[in-house]
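Survey of secondary and tertiary structure
Listed here are the chains, written in short residue letters.
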Amino acid sequence: MSNTTTFSLHIEKAKESRLSTVDFTDLPFGKTFTDHMFYCDFIDGAWQQPKIVPYQAMTIDPSARVFHYGQAVFEGMKAYKDEDGNAFLFRPEENFNRINKSAARLAMPEFPKAYFFEGLTTLLDMDKDWIKPGVGNSLYIRPFVIATDSAIAAAPSENYRFMIICSPAKAYYKGTVKVLIAEKYSRSANGGVGFAKAAGNYAAQFYPTRLAQEKGYQQVIWTDADTHTLLEEAGTMNVFFRINDTLITAPVSDRILDGVTRKSLIQLAKDNDLDCEVRPIKVDEIVEASKNGTLKEIFGAGTAAVISPISAFEYKDEMHELPEINDASYSSVLKSKMLAIQHNLAEDKNGWRYEI
Ligand code: COI
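Let's talk about the overall build of the protein chain
On a plain count of helices and strands, the protein chain comes out with 7 helices and 19 strands. Computed over the C-alpha atoms, the radius of gyration of the protein chain is 21 Å, within 12% of the 21 Å expected from 2.2 N^0.38 for a compact globule of 356 residues. Over its C-alpha atoms, taken along the principal directions, the protein chain stretches across nearly 60 × 50 × 40 Å. Burial analysis of the protein chain (356 residues in total) assigns 53% to the buried set.

Some points on the packing of aromatic side chains
As enumerated under the stated definition, the model contains 20 aromatic pairs in all. Summarising the aromatic geometry, the rings of phenylalanine 116 and phenylalanine 117 are spaced 5.2 Å apart at their centres and angled 75° between planes, so their arrangement reads as edge-to-face. Each residue in the set Phe7, Phe38, Phe42, Trp47, Phe96, Phe111, Tyr115, Phe116, Phe117, Tyr160, Phe162 and Tyr354 is aromatic and connected to the rest through ring pairs, giving one cluster. Across the ring face of tyrosine 217, the terminal group of lysine 178 is positioned such that the distance to the ring centre comes to 5.6 Å. The ring of tyrosine 330 has arginine 242 lying over it, and the distance from NZ or CZ to the ring centre is 3.8 Å.

Some points on the side chain of arginine 255
Along the chain, the position of arginine 255 falls in the loop between strand S14 (246-249) and helix H5 (260-271). There is a polar contact of 2.5 Å between the side chain of arginine 255 and the side chain of asparagine 190. Once you skip the residues sitting within four places of it in the chain, arginine 255 turns out to touch Arg187, Ser188, Ala189, Asn190, Gly194, Phe195, Asp224, Leu230, Glu232 and Glu233.

What to know about the pattern of salt bridges
Within this structure, the stated rule accounts for 18 salt bridges. Where lysine 263 meets glutamate 94, a salt bridge forms, and the shortest distance between an N and an O atom there is 2.7 Å. In this pair, lysine 263 is assigned in helix H5 and glutamate 94 in helix H2 (residues 92-105), connecting sequence segments 169 residues apart. You can call glutamate 94 partly exposed: its relative accessible area is 23%. Here glutamate 232 ties to arginine 255 by a salt bridge, and the two come within 2.5 Å at their closest N and O atoms. Residue glutamate 232 is located in strand S12 (residues 231-234), and its partner arginine 255 is located in the loop between S14 and H5; the two are separated by 23 residues in the primary sequence. When its relative accessible area of 15% is taken as the criterion, arginine 255 is described as buried. Through salt bridges with shared partners, a single ionic network connects Arg91, Glu94, Asp258 and Lys263.

With respect to the packing of H5 against helix H7 (residues 330-342)
Two elements in contact, H5 and H7, have axes whose closest approach is 11 Å; the angle formed by their N-to-C orientations is 105°. With respect to H7, the element H5 is oriented roughly perpendicular. Contacts between H5 and H7 involve Thr261, Ser264, Leu265, Leu268 and Ala269 on the former and, on the latter, Leu334, Lys337, Met338 and Ile341. Among the residues making up the contact of H5 with H7, the classes are represented as 6 nonpolar, 2 polar and 1 charged.

A few points about the domain arrangement of the protein chain
According to the domain assignment, the protein chain contains domain 1 (10-169) and domain 2 (177-342). Computed from C-alpha atoms alone, the centre-to-centre distance between domain 1 and domain 2 is 27 Å. Counting from both sides, the interface comprises 21 residues of domain 1 and, opposite them, 22 residues of domain 2. Looking at the side of domain 1 facing domain 2, the largest losses of area belong to Phe74, Phe90 and Arg98, adding up to 32% of the total buried there. Counting across the domain 1 and domain 2 interface gives 1 salt bridge. In this assembly, domain 1 and domain 2 are joined by 12 residue pairs in polar contact (both at pLDDT 80 or more). Ranked by the residues each element gives to the side of domain 1 that touches domain 2, the list is headed by H2, at 6 residues. Per-class residue counts for the side of domain 1 that touches domain 2 are 11 nonpolar, 3 polar and 7 charged.

A closer look at unusual backbone geometry
Its identity as a non-glycine residue notwithstanding, asparagine 244 has a phi of 50°, on the positive side. Residue position: asparagine 244 is located in the loop between strand S13 (237-243) and S14. In this structure asparagine 244 comes out as partly exposed when scored by relative accessible area, which is 40%. Even without a glycine there, the phi angle at aspartate 273 is positive, about 55°. You can see aspartate 273 is positioned in the loop between H5 and strand S15 (275-278). Judged by relative accessible area, which is 72%, aspartate 273 ranks as exposed.

Side note on the site of the ligand
Taken together, Phe29, Phe74, Tyr140, Arg142, Tyr172, Lys197, Tyr202, Thr236, Gly302, Thr303 and Ala304 make up all the residues around the ligand. Structurally, the shell around the ligand is a two-domain feature, drawing no fewer than three residues from each of domain 1 (10-169) and domain 2 (177-342).

Remarks on the nonpolar core
Within the largest apolar cluster, 53 residues are counted, with the highest numbers of intra-cluster contacts made by Phe38, Trp47, Ile141 and Phe162. Membership of the second largest hydrophobic core comes to 24 residues, among which are Met237, Val287, Ile310 and Tyr315.

Considerations on the environment of glycine 85
Note that glycine 85 resides in the loop between strand S6 (77-81) and strand S7 (87-90). In sequence terms glycine 85 and valine 145 are 60 residues apart; their C-alpha atoms lie 31 Å from each other.

Some points on the side chain of glutamate 75
Mapped onto the elements, glutamate 75 comes out in the loop between strand S5 (72-74) and S6. Polar side-chain contacts of glutamate 75 include one of 2.7 Å to the side chain of arginine 98.

The rules behind the values
- Residues numbered from 1 in each chain as written.
- Predicted model: local features only at pLDDT ≥ 70, side-chain atom pairs only at ≥ 80, totals over all residues.
- Heavy atoms only, no water.
- Helix = DSSP H or I, 4+ residues; strand = E, 2+ residues; numbered from the N terminus.
- Rg over C-alpha atoms; globule rule 2.2 N^0.38 Å.
- Buried < 20%, exposed > 50% of the residue type's maximum accessible area, 1.4 Å probe, protein only.
- Phe/Tyr/Trp six-rings, centres within 6.5 Å; stacked < 30°, edge-to-face > 60°.
- Lys NZ or Arg CZ within 6 Å of the ring centre and 35° of its normal.
- Polar contact = N/O pair within 3.5 Å; in protein donor to acceptor, adjacent residues only side chain to side chain.
- Contact = heavy atoms within 4.5 Å.
- Salt bridge = Lys/Arg side-chain N within 4 Å of Asp/Glu carboxyl O.
- Axes fitted to C-alpha atoms, helices over the stretch in contact; angles between N-to-C directions.
- Parallel < 35°, antiparallel > 145°, perpendicular 65-115°, else oblique.
- Nonpolar A, V, L, I, M, F, W, Y, C, P; charged D, E, K, R; others polar.
- Domains from an automatic or database assignment.
- Buried area = accessible area lost by both parts, 1.4 Å probe.
- Near = heavy atom within 4 Å.
- Core = buried A, V, L, I, M, F, W, Y, C linked by side-chain atoms within 4.5 Å.

This is the structure in structure tokens:
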């Protein structure tokens, strides 16, 4: 559907804001939501009037296909505010394109661009006081689509709901992250849905991640399902390795998410004359580099955590510690450059900021 779709956005404002009841110094990730939410239903083959209403629980039939077959996709985005109170999104078009790519893979209808941007920017304007200025503060935005048909035949739904909810956020991970390299479980397979932000991709990670946590690791580095020899993602993030002064990250494929943070970091590395190779990375290469002292860093990259340095990994029952991170580490340098662009503290030569 094109950008020129005409529509009217229905708005119902919350009677009272909940903002004053929120403790912004203590914000566990994703548990507090802003005053309003956006939704739009797909019925009889067409998207209906989009609406912004007070954030509230909703009633969905127990037979809705989302509950039975996981026909659901989502996005993760963030809004930031500078010290002058100007609010920005970061590369929102990427998220818009990706949610429709994910939706197509799950046989769900494309959402119109005009609805997405009008809904999102109006919602953010209404809830802008929830975006706190300062590096380290952001508003996490969760667009998602669910299959709402009241029918449990295993077939694509005919009805859907597209929604956007927002949650003020601080850090995603607290402290350092130790990871286990997957030798048995995998998050995606060739021809599967690994490239999509399909809800089920994340549910499938919970059990192996819990097993890793029981061994003292916070996350799993996922390897390819066929051979478990290639390093692909870390937890819910893309993953970068630094050997000597070269950054390496796996190429995107139908198994690997085309992360917005990932592609921005590859560009930022280029912009800052850091070598960055996009190529398959073998577990053996990393183990060898760890043994000979050339493995300097591993970090996850994603919207929620931005960059999450990894302090150690375990592979085949052997623990490998990484050097301690300092201000000159690539993860620190790239993270502060990225945050400076997102918070309007640095020049945005790639045109990534989107003023709301
Ligand atoms: C992201 O960082 O991009 C995510 O989607 C994280 C989310 C699973 C909380």
